[in-house]
Amino acid sequence: MSVRVRFAPSPTGPLHIGGVRTALYNYLFARKHGGTFILRIEDTDRTRYVPGAEAYIQEALQWLGLTYDEGPDKAGPHGPYRQSERTAIYRRYADQLVAAGHAYYAFDTPEELEAMRTRMKKAGAAAPKYDQVTRQYMRNSLTLPENETRELIEQGVPYVIRLKTPRQEEVKFQDEVRGWVKFQSGQLDDKVLLKADGFPTYHLANVVDDHLMDISHVIRGEEWLSSTPVHVLLYRYLGWEPPCFAHLPLILKPSGKGKLSKRDGDLGGFPVFPIEWKDPRTGEVYAGYRESGYLPEAVLNILALLGWSPGAGREILSLDEMTRLFSLEKVGKSGAKFDPQKARWINQQHLKRKSGQALAPYLRTELEKLGIDGYDDAYLAAVAELTREKAQLLTDLWPLSRFFFIAPVEYPLDVVKKKWRPEVRDFLASLAERLPDGPLSAETLETAFEEAAQALGVKAGRMKQLFRIAISGQPSGPSLFPAAALLGGGELKKRLRTFLTWAEQHLEE
RNA sequence: GGCCCGUUCGUCUAACGGUUAGGACGCCAGGUUUUCAACCUGGUAAUAGGGGUUCGAUUCCCCUACGGGCUGCCA
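The model shown is predicted, which means the values in this text are computed figures rather than measured ones. (Residues numbered from 1 in each chain as written. Chains lettered and ligands numbered in written order. Predicted model: local features only at pLDDT ≥ 70, side-chain atom pairs only at ≥ 80, totals over all residues. Heavy atoms only, no water.)

Participant: Any chance you could explain the environment of threonine 47 here in plain terms?
Facilitator: Its place among the elements puts threonine 47 in the loop between strand 2 (36-39) and helix 2 (53-64). According to the relative accessible area criterion, threonine 47 is exposed, its value standing at 69%. In this structure the C-alpha to C-alpha distance between threonine 47 and threonine 12, which are 35 residues apart in sequence, comes to 9.1 Å. (Helix = DSSP H or I, 4+ residues; strand = E, 2+ residues; numbered from the N terminus. Buried < 20%, exposed > 50% of the residue type's maximum accessible area, 1.4 Å probe, protein only.)

Participant: Honestly, the confidence of the model for chain A in this entry has me stumped. Any pointers?
Facilitator: Keep in mind that low pLDDT regions are not for reading the predicted coordinates in detail. In this model, chain A carries an average pLDDT of 93, and 99% of its residues clear a pLDDT of 70 or more. Here the prediction assigns the complex a pTM of 0.95, and the interface score ipTM is 0.95. (pLDDT = per-residue confidence, 0-100.)

Participant: Honestly, the protein's contact with RNA strand B in this entry has me stumped. Any pointers?
Facilitator: Around RNA strand B, the surrounding shell holds 63 residues, and the nearest of these are Arg178, Lys195, Lys257, Glu315 and Lys390. Here, RNA strand B places atoms within 4 Å of the protein, and 71% of those atoms are sugar or phosphate. Contact distances for RNA strand B include 3.4 Å between a phosphate oxygen and a side-chain N or O atom of lysine 330. A distance of 3.4 Å is found between a sugar or linking oxygen of RNA strand B and a side-chain nitrogen or oxygen belonging to glutamine 341. Here the element with the most residues in the surface near RNA strand B is helix 11 (residues 340-352); it accounts for five residues. (Near = heavy atom within 4 Å. Polar contact = N/O pair within 3.5 Å; in protein donor to acceptor, adjacent residues only side chain to side chain.)

Participant: Honestly, the domain arrangement of chain A in this entry has me stumped. Any pointers?
Facilitator: Many analyses report the size of an interface as the accessible area lost when the parts associate. When its domains are assigned, chain A resolves into domain 1 (1-71 + 249-353), domain 2 (86-248), domain 3 (356-401) and domain 4 (407-509). Counting residues at the interface gives 25 residues for domain 1, matched by 26 residues for domain 2. Buried area between domain 1 and domain 2, both sides added, is near 2,200 Å², and the carbon and sulfur share of it is 56%. At the boundary of domain 1 with domain 2, the tally comes to four salt bridges. The tally of links between domain 1 and domain 2 comes to eleven residue pairs in polar contact (both at pLDDT 80 or more). Listing elements by their share of the side of domain 1 that touches domain 2, those giving two or more residues are strand 1 (4-7) and helix 1 (17-32). A total of five residues in the side of domain 1 that touches domain 2 trace back to one element, the largest contributor, which is helix 1. Each residue belonging to the side of domain 1 that touches domain 2 can be placed in one class, and the counts come to ten nonpolar, five polar and ten charged. (Domains from an automatic or database assignment. Contact = heavy atoms within 4.5 Å. Buried area = accessible area lost by both parts, 1.4 Å probe. Salt bridge = Lys/Arg side-chain N within 4 Å of Asp/Glu carboxyl O. Nonpolar A, V, L, I, M, F, W, Y, C, P; charged D, E, K, R; others polar.)

Participant: Looking at this structure, how should I read the sheet that holds strand 4 (residues 160-163)?
Facilitator: Remark on secondary structure: sheet strands pair via backbone hydrogen bonds, oriented parallel or antiparallel. If you walk across this open sheet you meet the three strands as 3-4-7, and the pairing is antiparallel. Here the strands that pair on one side only, and so sit at the sheet edges, are strand 3 (103-106) and strand 7 (192-194). Neighbour-to-neighbour, the strand axes of this sheet turn through a mean angle of 45 degrees, independent of strand direction. Summarising the sheet, strand 3 and strand 4 pair through four bridges and their orientation is antiparallel. By the bridge assignment, tyrosine 104 is partnered in strand 4 with arginine 162. (Pairing = 2+ DSSP bridges. Axes fitted to C-alpha atoms, helices over the stretch in contact; angles between N-to-C directions.)

Participant: Which parts of the structure should I look at to understand a positive patch on the surface?
Facilitator: On the surface, Lys418, Lys419, Lys459 and Arg462 cluster together to form a positively charged patch. Along the chain, lysine 459 falls in the loop between helix 17 (442-456) and helix 18 (460-472). Residue classification places lysine 459 among the exposed positions, given a relative accessible area of 63%. (Patch = residues over 30% accessible without salt bridge, like charges linked within 9 Å, V, L, I, M, F, W, Y side chains within 5 Å. Areas by Shrake-Rupley, 256 points an atom, 1.4 Å probe, with all protein chains shown as cover. Lys, Arg positive; Asp, Glu negative; His and termini not counted. Charge placed at Lys NZ, Arg CZ, Asp CG, Glu CD.)

Participant: How should I be thinking about the nonpolar core in this particular structure?
Facilitator: Looking at soluble globular proteins, one finds that nonpolar side chains tend to be buried together. Grouped together as the largest cluster of nonpolar side chains are 59 residues, with contacts concentrated most on Leu24, Leu61, Leu66 and Phe338. Per-element accounting of this core gives the leading share, nine residues, to helix 1. The residues that make up this core include at least three from each of domain 1 (1-71 + 249-353) and domain 2 (86-248). In contact with leucine 61, other than residues within four places in its own chain, are Phe7, Leu15, Ala23, Leu39, Leu66 and Tyr68. (Core = buried A, V, L, I, M, F, W, Y, C linked by side-chain atoms within 4.5 Å.)

Now the structure itself:
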């Protein structure tokens, strides 16, 4: 049996990281088994449709490198891959279920349903549902005479098609991550399959499409676990073999309770969306991992570890490595709290593994924003090479790299005061004299540094931080001599003199 | 409330009946004879509780507690 899996988001807004993780696991499973990964858009709710959401999903997956083999923009043998374009198909199966006696027409208006619920609540039912018992008192093709049902339909009275759940049956299925899960059908309600507007609900569309698209494994979030028995029933009534199910543990809020939601990002200071999202209705902008300085491979790595572990202490993984190591057996059962700190650490690890060359374009972009040019790629790469060690996010790179392009004009007065001593002036001046005008190596610089210190009888170590401040304007930063050497002798001299002048003005002895 | 799922350091997790219960993030301490978010070393800290089963339970079973999901003509 060939592996075919799908990621089936609903375009009701931006994809959040829980969804991204579902996509990732599906992707990994497909690639691991040489299978097919499909993107299917579940846009069956016209009231919640958000323009731009589908494009957002595609852009996010593309940025992350989760390429799919079939999808709305990638033709395949089982299209179309947008459910709104498949309504006739669902209709056909809904009719088939009615004809077979497994589903029925229900004419109850929303008001009537509401009335039923409040009535039952008053009578003591905590969560009233349209089920084996309730349906006997509602307006549907089970309670109405056949000719009346036909008449209502002919008159164009709105109706839905509901699944006729059996009264007392055990419905069970084997979940790949949880083992056998059992439900009593009497606990189920008569789910709407086809809505009054002719669109299917998730349950119908999902089952029909998974079958028609030949899906072998349904890998989705745990929020679907309790509707799986309904799906199992549907497969049975349609005469189809159900796929394998695997329900993934949920990603939980870092603090407090509940599953991760839109708001949590703002509160916790971390993004919940892969890329930035502008709400077309409110104009609100939500931060994305991409814009916040995360590498796509790091985001994938962060998410992969939330609910899955390859064991053996492996944590920093590329997409290829994850693919090799992935298995549903190793997926955990319990919800995982999102840890923003660890997320940043993982990003940092990936950043450290990047070459300066690969990071250079990011610096280029920052320079362009400021209208600075005149630096070649090799220089940018060398800078990135030095600063990436200290960066956790891509966005940390520029603040760390800035002084390689822009000479400091201000210095942290308090630190300078603390470290200042009379011989510093002479030392820096002497160092400036010893430097060549052109390029220099870190070794040459260090030698000159030592010599200058010796000549004046001061400890080289004591001079280092002020030297750093003089050339970068910052009390800390990348490895000192390599960084300074990269600036070149001429530039160093200039900066030392500027600093000495500044010191004269700001330090009264 | 009902149904379903879950429960190992603060967090993510490893250990598929026998380990001094391991790793990672975080935190703390020390080192790196300048700083430092980097690096190195060390430390801190867990099997929810109670019953079984077993020679032996983190691991299997039951109960309780707690957490989560679902309970829509939303997905």
